[in-house]
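# Fold and contact review
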Amino acid sequence: MKPFSYERVASPGEAVEAAAARPGARFIAGGTNLLDLMKLGIEAPQHLIDVNRLGLDTIEPTAEGGLRIGALVRNADLAADRRVRRDYAVLARALVSGASGQLRNKATTAGNLMQRTRCPYFYNTDMPCNKRRPGSGCAAIGGLTHNLAVLGVSDACIATHPSDMCVALRALDATVETVGAGGRARSIPIAAFHRLPGDRPDIETALEPGELITAVTLPAPLGGVQLYRKVRERASYAFANLTVALVAEEGQIVRLAFGGLAAKPWRVEVAEGGDDADLAADLALAGATPTEDNAYKLPLARRTLKATLAQATEVRS
Amino acid sequence: MTATPRLPVTLSVNGETRTLTLDPRVTLLDALREHLLLTGTKKGCDQGQCGACTVLVNGRRINSCLSLAVMHEGDEISTIEGLGTPEALHPMQAAFIEHDGFQCGYCTPGQILSSLSVIEEIRAGVPSHVTGDLEAPIPLSDAEIRERMSGNLCRCAAYPNIMAAIRDYLGEGA
Amino acid sequence: MIGQGISRTDGPIKVTGRAAYSAERQDAGPTLHGYILGAGIGRGRVARIDIAAAEAAPGVRLVWTHENAPEQGPAEGIEGDMMDRTRPELASDRINYYGMPIAFVVAESFEEARAAAGLIAVEYELEPGAFTLSGFGPDLNWRRPSQAGDIDQAMREGPVTLEETYSTPYHFSQPMELHACIADWRDGHLHLYLTAQMVNQLTTGLGKTLRLDPGAISIDSAYVGGGFGSKIVLHCEAVLASLATMALGQPVKLMLTRRQIFTLVGHRPASISRVRLAATPDGRLTALGHDALIQVRTDDAWDEGVSSVGKALYASPNRLTRQAHQALDVQPGEPVRGPGELPGLMVLESAMDELAEKLGMDPIELRLRNDTQIDPDKRLPLSGRRLADCLREGAEQFGWRDRPTRPASRRDGRWLVGYGVASSMRGHYQTSAEVLVRIEPDGFVIVRSDMTDIGTGTYTIVAQVVAEALGVPMSQIKVELAHTKHPKGNGAGGSWGAANTTVAADRAAAELRARIAVVAGTGYNDIFAEVRRHFPDGIEEIGKTLDNKDDPNYRTHAQYTYGASFAEVGVDIDTGEVRLRRMLGVFAAGRILNAKTARSQLIGGMIWGVSAALQEAGVLDPRHGHWVNGDFAEYLIPTHADIPAIDAIMLEDFDDKANHLGVKGIGELGAGGTGGSVANAVYNATGVRVRDFPITLAKLLPGLP
């Protein structure tokens with residue numbers, strides 16, 4: 001871990017000011033992903049801005065009937081919030097399927113959005129990686145790709161996004177609220193927040209340098225049966241082979257997003273409104289480019305979606 | 001050769017105020033182990049993948065390996081050393097001994113701190129991956145406890161005995 | 001006293017965090033901190049290495065590479081005992097495997113050492129390496145053959161035959177305590193606080209490496225956070241920390257990172273097996289063949305005995321077990337819990353299950369029908385052969401009669417449910433060992449041995465045995481272990497530690513009793529009063545055990561431990577996720593010294609079998625030779641949520657051929673055939689037979705409805 005300077009800030013304004021003053025600075029909140037990456041030399045910020053004391057840790061109703069989740073609300077607290085459990089079950093279930101109790105106590109809403117891939121070649125600094133060192137190449141392509149992406153890949157990168165929370169947020173059409181240089185506030189729809197790799201896999205989100213996430217806003221509750229199915233080899237505390245976030249009503253797909261298939265949560269809007277899981281899987285997986293190692297994800301996605309939709313129907317009846 | 005810059009930080013550790021001057025790179029885990037010589041908190045992976053470093057910060061369990069000590073100014077840190085002593089064991093510690101909830105003992109402090117937190121988290125209504133009805137009170141079932149204990153790996157695989165210890169502790173009217 | 005389920009005597013300090021493991025020892029005072037830079041390629045050489053920036057970094061005290069590291073004893077060939085070999089580090093520019101140390105930094109803090117290691121610039125000269133176990137080639141050099149009759153002819157005659165290929169992956173021990181060492185060079189003596197399973201054994205190789213008299217080296221491993229084989233041989237942390245403290249004159253602490261342990265500590269080699277079985281229609285084996293191809297290192301040969309389990313498990317007139325090697329450019333293999341039998345039994349017991357299916361027989365019946373009381377390999381009577389008892393008792397307790405007799409026939413909601421069974425067997429070994437027992441006139445008994453307690457309960461069982469032998473309460477016995485200054489045994493490994501140590505301790509105690517009886521008769525009430533009266537300075541004796549080769553019982557009886565494992569699994573019909581539902585092991589392993597700790601160790605072993613069947617696999621990149629999944633997020637070991645209620649039953653047993661206490665070992669036995677029982681349960685649940693372990697959902701999916 002390279003040496004860095006450290007400062008604690010007391011308001012979002014101070015935070016963005018500090019970031020603007022120090023190129024190469026990074027915000028740190030939970031730190032559960034960033035510090036791991038710093039220890040491995042994957043991230044090497046020169047300056048850390050500790051944003052843990054900004055407030056931003058409440059969940060408030062919005063005028064539109066939704067919820068505004070402060071950026072620093074911890075994953076465990078978000079999952080435990082009564083309104084989230086009642087009205088946004090897919091989010092609560094996604095949150096608690098991720099990581100461990102200890103990590104969920106520390107990890108924040110904003111930090112979860114900013115999680116970086118678990119691609120093993122990204123994690124190994126001896127390997128070329130276009131995310132880590134733009135232009136160095138991708139060691140994952142042609143390597144062991146059992147848990148890498150089958151959708152939205154490029155010649156530069158086949159990594160997946162590891163978050164569970166973000167899959168649910170994508171299904172719920174959340175909005176990411178930010179503040180940037182000079183105090184300029186922005187609302188970024190979750191659909192536009194995470195990027196596919198293209199030729200710049202190192203640019204993972206729509207955030208600009210020094211831009212701070214302040215909140216995530218959920219629209220008014222969708223109702224329906226909300227399920228989150230995480231498929232993994234280990235019963236707990238493991239990254240997914242794939243996940244399905246589903247909101248269904250009377251056997252009909254209201255919202256559908258997959259995790260573990262691409263560099264961002266894979267929403268399948270074309271399948272929404274339908275009631276045929278096979279057709280939805282066809283639509284979701286159209287254009288998939290699996291490798292020999294991860295081709296299993298295609299039938300797995302189909303089967304898991306069918307099972308989850310069936311379960312949603314059962315819950316209803 | 002230039003010196004590494006250091007920052008002051010004041011922590012409350014097991015109720016005692018401790019002021020340290022630390023390289024900002026020092027994790028909370030290493031601050032406890034290397035600077036305060038509280039080695040009951042274990043380093044098992046140093047990357048949030050095993051739970052051996054579990055401590056309570058302001059009453060909540062976290063992995064101390066993935067937090068910088070300087071981020072904890074003014075925080076209350078509780079470690080295994082603050083729970084009980086060999087002469088005056090906490091009932092959960094006694095239950096771990098009685099049910100042989102460990103073999104090598106290295107993951108044990110983390111398991112014990114987690115087990116107490118798990119019970120509190122269930123009672124506080126924090127849901128888990130195995131919670132059925134998200135809106136109903138959560139039962140102190142084996143499935144709930146196992147799922148919530150899963151952030152603490154044990155390579156000796158004392159899991160069934162740890163469950164027995166937690167059950168016994170709960171039976172004693174905790 | 002012996003046999004009682006007494007709680008661990010080291011329990012109170014372990015549950016309160018007071019037990020100090022290697023890197024936590026304060027004996028040497030404040031230490032400097034080391035950090036290793038590992039090679040970033042799998043094979044080649046260091047063409048250029050620039051340490052100027054690292055040397056100039058804050059806090060740095062020393063940076064070594066092959067260009068400036070101290071001269072050490074040269075690497076030795078593989079002919080000698082692996083325990084005695086040198087382990088020179090940074091000795092040349094050669095890179096033999098990914099992650100091999102190429103530089104070592106010592107600094108005033110861990111943070112400074114790690115950061116400085118990151119400043120070292122390296123240029124490599126890459127050479128093509130061999131990183132893939134390719135399968136049985138044409139010109140194999142068969143080793144360790146054990147043969148009877150003519151297996152080829154028996155396979156031709158059948159009538160019921162099975163010939164299948166199975167593969168098992170790399171496994172890693174990965175105990176929870178990181179490999180670590182504090183080295184303190186003081187007044188011409190090297191003190192090591194090391195996490196190790198054996199201590200005196202390490203001084204020979206370490207002494208030769210450091211060019212020190214082994215007598216000038218002390219190793220203290222009072223508390224060890226698990227081993228499972230990985231802390232048996234000498235590793236780089238002991239060598240580099242020692243060299244550094246000798247160079248700097250200050251104590252040096254070196255902890256490997258979890259990721260480094262995947263490259264700097266050995267693995268269980270991968271294997272490919274061809275199993276051939278033939279039987280009569282009523283289930284008598286007429287052929288049993290197991291050919292195994294084992295990965296080794298180019299210049300090292302840890303020969304994982306995968307095929308050996310077939311030598312003596314079942315009777316068959318025609319039998320051939322043997323193995324061959326394929327050398328790859330990865331670190332040397334090392335013992336990992338259940339060496340040989342964990343992968344070997346998983347394979348052979350899967351094949352037996354397949355044969356039972358072909359015969360239309362209950363798999364337990366097939367095993368009972370081929371039971372033997374004569375070791376087919378050694379042609380000696382088997383002492384304590386109670387495999388059949390284990391199978392029968394387990395069948396009863398587990399409710400085997402309720403098993404789904406047809407594969408894929410039982411459902412519980414979306415779960416396919418299946419039962420599986422497998423046999424376990426593990427050789428009982430004994431080595432020469434000495435233990436000192438001393439009675440102090442002040443009312444305490446001291447037991448000293450260099451045996452370690454790696455979670456095995458040694459502190460407790462030794463106290464139990466001596467307490468019983470001398471008729472004193474356990475509270476008056478102090479057990480001092482795991483230091484080179486104590487009498488030499490053979491450490492913890494190979495499941496021999498408990499029997500060696502307790503038998504030697506019991507003999508020492510018997511000698512003491514005999515000496516006291518000479519002067520005090522046998523009718524005394526208070527042994528300490530007699531000691532005070534007749535031996536005012538205290539009295540001590542050293543008890544000994546013989547090595548296998550010197551023990552006459554080993555020439556007349558083949559000695560093993562036995563078990564049977566029963567598993568019930570659920571397989572998610574949609575996703576292929578496999579989850580264990582319940583499990584039972586029944587074991588006959590001689591006299592049990594402590595019912596509580598023994599049960600724990602057997603259950604722990606069984607869980608190793610579960611994850612061997614379902615989760616654990618080190619994945620080696622075939623192009624670069626690095627471990628792709630080298631951390632606890634990707635190399636999956638079970639969590640609490642993976643493990644439901646498990647029980648282990650120990651049959652009342654006593655093996656008088658093993659030793660006078662009737663004791664054998666249990667450390668490996670639990671792991672033995674458990675993987676096979678899980679694999680067979682998965683087949684029973686799904687009708688899908690996966691022969692390439694572990695059985696993951698991707699391998700099951702194509703066969704699911």
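As the structure is a computational prediction, the values presented were derived from the model and not from experiment.

### Some words on the overall build of chain B
Along its length, chain B carries five helices and five strands. The N-to-C order of helical and strand elements in chain B reads β-β-α-β-β-β-α-α-α-α. The C-alpha radius of gyration computed for chain B amounts to 17 Å, which stays within 12% of the reference 16 Å derived for 174 residues, consistent with globular compactness. Based on the C-alpha atoms only, the size of chain B along its principal axes is roughly 55 × 40 × 30 Å. Taken across its 174 residues, chain B has 67% of its residues classed as buried. Sequence-distant contacts, at least 24 apart, represent 53% of the contacts inside chain B between residues at least 6 apart. Total accessible area computed for chain B in this model is approximately 5,300 Å², and 52% of it derives from carbon and sulfur atoms. Separation between the mean location of the 13 positive side-chain charges and that of the 21 negative ones in chain B comes to 6 Å.

### Section: the overall build of chain C
Secondary structure assignment for chain C yields 17 helices and 25 strands. Here chain C has a C-alpha radius of gyration of 26 Å; the compact-globule value for 705 residues is 27 Å, and the two agree. Oriented by its inertia axes, the alpha-carbon framework of chain C measures out at about 80 × 75 × 50 Å. Counting over 705 residues, chain C shows a buried share of 68%. Long-range pairs, those at least 24 residues apart, make up 81% of the contacts in chain C with a sequence separation of at least 6. About 22,000 Å² of surface is accessible on chain C, with carbon and sulfur atoms providing 48% of the total.

### Topic: the domain arrangement of chain B
Residues and elements named next belong to chain B. According to the domain assignment, chain B consists of domain 1 (7-82) and domain 2 (91-171). A separation of 22 Å is found between the C-alpha centroids of domain 1 and domain 2. Taken together, the contact between domain 1 and domain 2 spans 16 residues of the former and 14 residues of the latter. Between domain 1 and domain 2, a total of about 1,200 Å² is buried, with carbon and sulfur atoms accounting for 52% of that surface. When the buried surface of domain 1 facing domain 2 is broken down by residue, Lys42, Arg61 and Ile80 rank first, second and third, together holding 49% of it. Across the domain 1-domain 2 interface, the total number found is one salt bridge. Broken down by element, the side of domain 1 that touches domain 2 gets its largest block of residues, three residues, from strand β3 (residues 54-57). For the side of domain 1 that touches domain 2, the class distribution of residues is five nonpolar, seven polar and four charged.

### Thoughts on the confidence of the model for chain C
Residue and element names in this part refer to chain C. Summary statistics for chain C give a mean pLDDT of 97 and a share of 100% for residues scoring 70 or more. No element of chain C has a lower mean pLDDT than helix α14 (residues 552-556), at 93, and none a higher one than strand β5 (residues 101-107), at 99. The complex model carries a pTM of 0.98, and its ipTM stands at 0.98.

### Things to note about the domain arrangement of chain C
All names here are of chain C. Looking at the assigned domains, one finds that chain C contains domain 1 (14-128 + 173-261), domain 2 (341-428 + 555-703) and domain 3 (431-545). Centre-to-centre separation of domain 2 and domain 3, based on C-alpha positions: 36 Å. Between domain 2 and domain 3, the residue contacts involve 15 residues of the former and 15 residues of the latter. Broken down residue by residue, the surface that domain 2 buries against domain 3 is led by Leu593, His660 and Leu661, which jointly contribute 39%. In this assembly, domain 2 and domain 3 are joined by one salt bridge. Of the charged contacts, one joins Glu468 and Arg591 as a salt bridge, the two residues approaching to 3.9 Å between their closest N and O atoms.

### Things to note about the interface of chain C and chain B
Between chain C and chain B, the residue contacts involve 67 residues of the former and 57 residues of the latter. In terms of surface lost to chain B, no three residues of chain C exceed Val15, Met176 and His640 of chain C, which account for 18% of the buried area on that side. On inspection of chain C and its partner chain B, the count reaches seven salt bridges. Here Lys596 of chain C and Glu98 of chain B are joined by a salt bridge, their closest N and O atoms 3.9 Å apart. For the interface between chain C and chain B, the tally reads 28 residue pairs in polar contact (both at pLDDT 80 or more). Elements with a minimum of two residues in the side of chain C that touches chain B: α1 (11-15), α3 (110-117), β12 (252-255), α7 (258-264) and α15 (595-614) of chain C. It is α15 of chain C that contributes the most residues to the side of chain C that touches chain B, ten residues altogether.

### Comments concerning the interface of chain A and chain B
You'll often see interface size given as the accessible area lost when the parts meet. On the side of chain B, 40 residues touch chain A, which itself brings 43 residues to the contact. Across the interface of chain A and chain B, roughly 3,400 Å² is buried in total on both sides, 52% from carbon and sulfur atoms. Inspection of the chain A/chain B interface yields two salt bridges. As a salt-bridge pair, Asp77 of chain A and Arg60 of chain B come within 2.9 Å of each other at their nearest N and O atoms. One can count 24 residue pairs in polar contact (both at pLDDT 80 or more) joining chain A with chain B. Where the side of chain A that touches chain B is concerned, the elements lending two or more residues are β1 (5-8), α2 (34-39), β3 (47-50), α3 (75-80), α4 (82-87), α5 (89-97) and α6 (101-106) of chain A. A per-class count over the side of chain A that touches chain B returns 18 nonpolar, ten polar and 15 charged.

### Some words on the pairing of β3 of chain B
All names here are of chain B. Burial along β3 is two-sided: the residues Thr54 and Leu56 and Val55 and Val57 are all buried. Between β3 and strand β4 (residues 60-63), which follow one another and run antiparallel, lie two residues, and Asn58 among them has a positive phi close to 50°. Inspection of the sheet shows β3 paired to strand β5 (residues 76-78) by two bridges, in the antiparallel sense. Across the sheet, Leu56 pairs through a bridge with Ser78, a residue of β5.

### Digging into the pattern of salt bridges
Applying the stated criterion to the full structure yields 90 salt bridges over all chains. Across the pair Glu577 of chain C and Arg229 of chain A runs a salt bridge, and its minimum N-O distance is 3.1 Å. Separated into two different chains, Glu577 of chain C in the loop between β23 (558-572) and β24 (578-588) and Arg229 of chain A in strand β9 (residues 225-231) make up a pair that spans both. Neither Glu577 of chain C nor Arg229 of chain A differs from the other in exposure class; each is buried. The salt bridge involving Arg438 of chain C is made with Glu440 of chain C; its shortest N-O contact spans 3.1 Å. Note on Arg438 of chain C: relative accessible area 15%, which makes it buried. Look at Glu440 of chain C and you get buried, because its relative accessible area is 18%. One salt-bridge network, held together by shared partners, links Arg170, Asp173, Arg255, Arg267, Glu269 and Glu272 of chain A.

### A word on helix α4 (residues 142-149) of chain B
Note: α-helices contain 3.6 residues per turn, so residues at a spacing of three or four share the same orientation. Buried residues dominate α4 of chain B, accounting for six of its eight residues. Of the residues making up α4 of chain B, those classed as buried are Glu144, Ile145, Arg146, Glu147, Arg148 and Met149 of chain B. Where α4 of chain B is buried, its residues meet α5 of chain A together with β4, α3 (108-123) and α5 (159-171) of chain B.

### As for the pairing of strand β2 (residues 25-28) of chain A
Residue and element names in this part refer to chain A. Both β2 and β3 contribute to a ladder of four bridges, which runs parallel. Bridged to Ile28 within β3 is Asp50. Note that the unit made of β2, α2 and β3 has a crossover that is right-handed.

### Re the environment of Asp139 of chain C
Here Asp139 of chain C is to be found in the loop between β6 (121-126) and β7 (143-148). The spatial distance from the C-alpha of Asp139 of chain C to the C-alpha of Pro339 of chain C is 26 Å, given a sequence separation of 200 residues.

### A short note on the nonpolar core
Core analysis: the biggest nonpolar cluster contains 270 residues, and Leu256 and Phe258 of chain A together with Phe104, Ile439 and Val445 of chain C have the highest contact counts within it. Of all hydrophobic cores here, the second largest spans 39 residues; its members include Ile59, Ala71, Leu113 and Val216 of chain A.

Conventions and cut-offs
Residues numbered from 1 in each chain as written. Chains lettered and ligands numbered in written order. Predicted model: local features only at pLDDT ≥ 70, side-chain atom pairs only at ≥ 80, totals over all residues. Heavy atoms only, no water. Helix = DSSP H or I, 4+ residues; strand = E, 2+ residues; numbered from the N terminus. Rg over C-alpha atoms; globule rule 2.2 N^0.38 Å. Buried < 20%, exposed > 50% of the residue type's maximum accessible area, 1.4 Å probe, protein only. Contact = heavy atoms within 4.5 Å. Areas by Shrake-Rupley, 256 points an atom, 1.4 Å probe, with all protein chains shown as cover. Lys, Arg positive; Asp, Glu negative; His and termini not counted. Charge placed at Lys NZ, Arg CZ, Asp CG, Glu CD. Domains from an automatic or database assignment. Buried area = accessible area lost by both parts, 1.4 Å probe. Salt bridge = Lys/Arg side-chain N within 4 Å of Asp/Glu carboxyl O. Nonpolar A, V, L, I, M, F, W, Y, C, P; charged D, E, K, R; others polar. pLDDT = per-residue confidence, 0-100. Polar contact = N/O pair within 3.5 Å; in protein donor to acceptor, adjacent residues only side chain to side chain. Pairing = 2+ DSSP bridges. Right-handed = clockwise from strand over helix to strand, strands pointing away. Core = buried A, V, L, I, M, F, W, Y, C linked by side-chain atoms within 4.5 Å.

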